[in-house]
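# Results of the structural survey
What follows is each chain in one-letter form.
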Amino acid sequence: MNQQRTTFGSQLGILLASVGCAVGLGNIWRFPYMLGTNGGAAFLLVYVICILMLGVPVLISEFFIGRYAKRNTVGAFAVMAPGTKWSIIGYNGVLAAFFIAGFYYVLSGWTLDYIFTSATTSLEGKTAADFSNEFEAFSSGIFRPVICTLLFIGISHYIVVSGVKNGIERASKILMPIFFLILIVMCIRSATLSGAGEGFRFLFQPDFSKINSSIVLSATGQAFFSLSLGMGCMITYGSYFGAKTNLQKTSIHVTLIDTFVSILGGILVFPAVFHFGIEPTAGVELVFITLPNILAQLPFSNVWAVTFFILLAVAAITSTIALHEVATAYLHEEFKISRKLSTFYVTIGVSVFSVLAALSFGILKEATIFGLTFFELLDYLTAKVMLPFGGMLICIFVGNRVDRKILKAELTNKGSVPFYFFNTYCFVTKYVAPIAIGAVFLNELGLFKLFNFLF
Ligand code: TRP
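As a starting point, this report considers the structure included with it.

Criteria and cut-off values
- Residues numbered from 1 in each chain as written.
- Predicted model: local features only at pLDDT ≥ 70, side-chain atom pairs only at ≥ 80, totals over all residues.
- Heavy atoms only, no water.
- Helix = DSSP H or I, 4+ residues; strand = E, 2+ residues; numbered from the N terminus.
- Rg over C-alpha atoms; globule rule 2.2 N^0.38 Å.
- Buried < 20%, exposed > 50% of the residue type's maximum accessible area, 1.4 Å probe, protein only.
- Contact = heavy atoms within 4.5 Å.
- Areas by Shrake-Rupley, 256 points an atom, 1.4 Å probe, with all protein chains shown as cover.
- Lys, Arg positive; Asp, Glu negative; His and termini not counted.
- Charge placed at Lys NZ, Arg CZ, Asp CG, Glu CD.
- Near = heavy atom within 4 Å.
- Polar contact = N/O pair within 3.5 Å; in protein donor to acceptor, adjacent residues only side chain to side chain.
- Nonpolar A, V, L, I, M, F, W, Y, C, P; charged D, E, K, R; others polar.
- 1 Å grid on protein atoms, 1.4 Å probe; cavity = no way out; pocket = protein on both sides within 12 Å on 5 of 7 lines; lining within 4 Å.
- Points joined across faces, edges and corners; volume = space filled by probe spheres on them.
- Salt bridge = Lys/Arg side-chain N within 4 Å of Asp/Glu carboxyl O.
- Expected span 1.5 Å × (residues − 1).
- Patch = residues over 30% accessible without salt bridge, like charges linked within 9 Å, V, L, I, M, F, W, Y side chains within 5 Å.
- Phe/Tyr/Trp six-rings, centres within 6.5 Å; stacked < 30°, edge-to-face > 60°.
- Lys NZ or Arg CZ within 6 Å of the ring centre and 35° of its normal.

## A few points about the overall build of the protein
Scanning the protein for helices and strands turns up 19 helices and 0 strands. For 455 residues, the compact-globule estimate of 2.2 N^0.38 gives 23 Å, and the protein sits close to it at 21 Å. Principal-axis analysis of the C-alpha atoms places the extent of the protein at approximately 65 × 50 × 45 Å. Here the protein holds 455 residues, and 59% of them are scored as buried. The long-range fraction of contacts in the protein, counting pairs at least 24 apart against all pairs at least 6 apart in sequence, stands at 83%. For the protein, the computed accessible surface area is about 18,400 Å², with 67% contributed by carbon and sulfur atoms. The averaged location of the 21 negative side-chain charges in the protein is 15 Å from the averaged location of its 28 positive side-chain charges.

Pasting the structure below:
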């Protein structure tokens, strides 16, 4: 196989880049919002089980494919199963990267605007209605959301064009520690508010009667989204790993850190939510409308607000560069286009998607497809269709197509590191994960509802 391929420079770089890819708005925005709307601690419990049963095996499988094939997500299947249709997993992934980037960049752009706004205008004295109206006015505009989105795309472009080692790895090594520092300070602030106990109970004291199939399915979807699985991103990152990287250990570390950050996301949001008497079920608004409310009532509100939105922006950028990289690596390797030009093409492509998604809160609000705005359509198609579909196929591929000897040799670095529970991993990958993910997939498409309706 190609020995000259770029790799990340160090084990720490590998870990931080992968953690940077996984940790993002999914942990700080989506996780608290899902937990809030899905029964609190019961959701957390089910989520952790999904992460262990599905997340870890799929993550190991993606890293395996990437490092073994040393190619982008489409090329990897051409190397491992030449002349077959398995590369459909890769095409699904590249398309998903454009789609996720399309709406993720819009949210990321908003964080930039919130940083500027919090830095320049006083938050004191504003009411909940003010924040809500301001959000409406801002997000439905043209100039500000579009400019902020494009600005964020520009920053990602700059990092990705600088290369795997000098761009992505270096940015992750600088940004992830900053992210953790701000997050922990913010969590301490939230956890020491009066009334925090109620938030902790909501987060950690499960009411088992709340567990139902819909919570299980939401938790599975969240596990996929949060670990960036099912679209070949971890295949692409795995392809930059060195021969010495311990894939099992790296997968477990990434999973533990990602899950820990989601829990911190909960600790950040819920004590404050209960302290200020806000509904934990607020949904999508939780971060962009509810939290400014909370921040405004703290002493030095502007400092806290700027800090908080920098945290979100940093979390977002290490994920957007990963999304950018999936498509860039594909163009660069499969079409032999220079890395610079590949990055540029991807930037143009995601800009088109993102601008349309940004405008779908305003002038394109009425332009709906299947009753969804463009933003909602991208979100729906990726999280609910493409990621579960890709994840399921990845498991079927590794479970059925890959020779066990090759699998074991790659996962143990040719016998030099241990791989614990190999047989369990194979069993889960071959049977448990595809069936479970298949069930989620069918449910999300509403097929189970059709079943219930028919019988
Ligand atoms: N995991 C990211 C988050 O939690 C979101 C995400 C999903 C993602 N799929 C991805 C990021 C692929 C990068 C690449 O915010």
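## A short note on the site of the ligand
Not every one of the 16 residues close to the ligand is listed here, only the nearest: Ala22, Gly26, Tyr104, Phe225 and Ser228. Within the backbone of Ala22, one N or O atom sits 3.0 Å away from an oxygen atom of the ligand. Ser228 places a side-chain nitrogen or oxygen 2.9 Å from a nitrogen atom of the ligand. For the ligand, whose unbound accessible area comes to 360 Å², protein coverage reaches 100%. Going through the elements one at a time, helix 1 (11–22), helix 2 (25–37), helix 5 (88–120), helix 10 (213–226) and helix 14 (301–334) are the ones with two or more residues in the shell around the ligand. Within the shell around the ligand, the residues separate by chemical class into 10 nonpolar, 6 polar and no charged.

## So, empty space enclosed by the protein
Throughout the structure, instances matching the rule amount to 3 cavities of 30 Å³ or more. Of the pockets and cavities examined, the largest cavity occupies roughly 160 Å³. In this structure, the largest cavity is lined by 16 residues; those nearest its centre are Cys21, Ile100, Tyr104, Phe225 and Ser228. Ranked by residues supplied to the lining of the largest cavity, first place goes to helix 14 with 3 residues.

## Some words on the pattern of salt bridges
This structure, assessed with the given rule, holds 7 salt bridges. Between Arg71 and Glu334 there is a salt bridge, and its shortest N-O distance comes to 3.1 Å. In this pair, Arg71 is assigned in the loop between helix 3 (41–69) and helix 4 (75–80) and Glu334 in helix 14, connecting sequence segments 263 residues apart. Exposure remark for Arg71: the relative accessible area of 25% places this residue in the partly exposed category. Take Glu334: its relative accessible area is 26%, and that puts it in the partly exposed class.

## Structural notes on helix 14
With 34 residues, helix 14 extends 50 Å from end C-alpha to end C-alpha; this agrees with the ideal 50 Å at 1.5 Å per step. Where burial is concerned, most of helix 14 is hidden: 27 out of the 34 residues are buried. Immediately downstream of helix 14, the backbone of Lys336 shows phi near 55°, a positive value.

## Describing the side chain of Arg30
Its place among the elements puts Arg30 in helix 2. Asp379 provides the closest opposite charge to the buried, unpaired Arg30, separated from it by 5.1 Å. The residues contacting Arg30, other than those within four sequence positions of it, are Leu25, Gly221, Gln222, Phe225 and Ala383.

## Focus on a nonpolar patch on the surface
A surface patch of nonpolar side chains, about 510 Å² in accessible area, is lined by Leu45, Ile49, Met53, Phe208, Ile211 and Val216. Here the element with the most residues in the nonpolar patch is helix 3; it accounts for 3 residues. Mapped onto the elements, Ile49 comes out in helix 3.

## Structural notes on the packing of aromatic side chains
Under the counting rule described, the total for this entry stands at 36 aromatic pairs. Note on Phe202 and Phe270: the rings are 5.0 Å apart at their centroids and 50° apart in plane angle, and the pair reads as tilted. Here the residue Phe202 occupies a position in helix 9 (residues 196–204), and Phe270 occupies one in helix 12 (residues 247–275), the gap between them amounting to 68 residues. Note on Phe270: relative accessible area 0%, which makes it buried. On the numbers, 6.4 Å between centres and 40° between planes, the contact of Phe422 with Tyr425 is tilted. Within this pair, Phe422 and its partner Tyr425 are both found in helix 18 (residues 422–444), separated by 3 residues, close to a single helical turn. In textbook terms, an aromatic cluster arises when at least three aromatic residues are bridged by ring pairs, as seen for Phe103, Trp110, Tyr114, Phe135, Phe138, Phe288, Phe308, Phe309, Phe361 and Phe375. If you follow Arg30 out to its NZ or CZ, it ends over the ring of Phe225, 5.1 Å from the centre.

## What to know about unusual backbone geometry
Among all residues except glycine, the phi angle is most often negative; among peptide bonds, the trans geometry is most common. In the Ramachandran plot, Phe300 falls in the positive-phi region, its phi being about 55° despite a non-glycine side chain. Here Phe300 lies in the loop between helix 13 (285–296) and helix 14. For Phe300, a relative accessible area of 67% translates into the label exposed. Unlike most non-glycine residues, Phe421 shows phi in positive territory, near 55°. Counting through the fold element by element, Phe421 comes out in the loop between helix 17 (404–411) and helix 18. On the basis of relative accessible area, Phe421 is assigned to the exposed category, the value being 68%.

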